[in-house]
Amino acid sequence: MTPTQQLAGFLKKYDPKIAAFARRVLTKMRQRLPGATELVYDNYNALVIGFGPTDRASDAIFSIVLFPRWIILYFLQGAQLPDPDRLLKGAGTRGRHIRLETPAAFDDPKVQSLINAALHRAKVSFDPKSRRCLIIKSISAKQRPRRPQ
């Protein structure tokens, strides 16, 4: 199977509403970040699709994370971002996240401002002339259920 087919299979494990929501958010992220490398981790707790300028996980800037009931937009260096509207949640030393309630939440100007700030502060910039690349990095043998119980 191709990585695209594998990702489609991972999404099928979720409730159809969450899967459709995730596909819309992924489309928006791909439009926002042309030339991004997508790193996919089908982990024990969640499906994570990281977006970075290279295939190195340490260069990733954002992740879309799917849980059985919701989706978050994760900022890998979010703790250092200016957040006057206090949208970012989390207390870690590096990352912060926003729980996306609807696909339209991604388009909120405040969310886009945070995305812009993260892109501006990134160590390695995206090259929009690069081809989008999708890499399946890991698949956990043991996983929590992907649909609400």
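That block above? That's the structure.
These numbers come from a predicted model, not from an experiment. (Residues numbered from 1 in each chain as written. Predicted model: local features only at pLDDT ≥ 70, side-chain atom pairs only at ≥ 80, totals over all residues. Heavy atoms only, no water.)

Q: Explain the sheet that holds strand β3 (residues 62-66) to me, please; I cannot follow it from the model alone.
A: Across a sheet, paired strands are connected by hydrogen bonds in the backbone, their directions being either parallel or antiparallel. The six strands lie next to each other as β5-β4-β3-β2-β1-β6, forming an open sheet whose pairing is mixed. Each end of this open sheet is capped by a strand with a single partner; those strands are β5 (96-100) and β6 (133-139). Averaged over all neighbouring strand pairs, the angle between strand axes comes to 20 degrees, with direction disregarded. Pairing of strand β1 (residues 37-42) with strand β2 (residues 47-52) involves six bridges; the strand directions are antiparallel. By the bridge assignment, Asp42 is partnered in β2 with Leu47. Sitting on the sheet, helix α3 (residues 109-121) is in contact with β3, β4 (71-75) and β5, with an inclination near 35 degrees to β4. (Pairing = 2+ DSSP bridges. Helix = DSSP H or I, 4+ residues; strand = E, 2+ residues; numbered from the N terminus. Axes fitted to C-alpha atoms, helices over the stretch in contact; angles between N-to-C directions. Contact = heavy atoms within 4.5 Å.)

Q: Could you clarify how one ought to interpret the pairing of β2 in this entry?
A: The side chains of a regular strand alternate between the sheet's two faces. Most of β2 sits out of view: six of its six residues are buried. Side-chain alternation along β2 places Leu47, Ile49 and Phe51 on one buried face and Val48, Gly50 and Gly52 on a second face that is also buried. Counting the residues in the hairpin turn of β1 and β2 gives four residues. The pairing of β2 with β3 spans five bridges and is classified as antiparallel. When the sheet's bridge partners are listed, Phe51 is paired in β3 with Phe62. (Buried < 20%, exposed > 50% of the residue type's maximum accessible area, 1.4 Å probe, protein only.)

Q: Help me understand the side chain of Ser63, please; the structure alone is not making it clear to me.
A: If you trace the backbone, Ser63 turns up in strand β3. Ignoring anything within four residues of it in the chain, the contact list for Ser63 reads Val48, Ile49, Gly50, Ile72, Leu73, Tyr74 and Leu76.

Q: How should the packing of aromatic side chains be read in this particular structure?
A: Each aromatic ring pair is summarised here by two numbers: the centre-to-centre distance and the angle between the ring planes. All chains considered together, the criterion is met by two aromatic pairs. Ring plane angle 75 degrees and centroid distance 5.5 Å describe the contact between Phe62 and Phe75, whose orientation is recorded as edge-to-face. Note that Phe62 is positioned in strand β3 and Phe75 in strand β4, a separation of 13 residues in sequence. Here Phe62 matches Phe75 in class, with each residue buried. Between the aromatic rings of Phe67 and Trp70, the centroid separation amounts to 5.7 Å while the plane-to-plane angle is 40 degrees, which identifies the pairing as tilted. The exposure class of Phe67 is partly exposed, given its relative accessible area of 23%. On the basis of relative accessible area, Trp70 is assigned to the partly exposed category, the value being 31%. (Phe/Tyr/Trp six-rings, centres within 6.5 Å; stacked < 30°, edge-to-face > 60°.)

Q: What am I meant to see in the pairing of β5 here?
A: Where burial is concerned, the two faces of β5 differ: the one with Arg96, Ile98 and Leu100 is buried and the one with His97 and Arg99 is not. One ladder, built from five bridges, connects β4 with β5; its direction is antiparallel. Paired with Ile71 across the two strands is Leu100, which belongs to β5.

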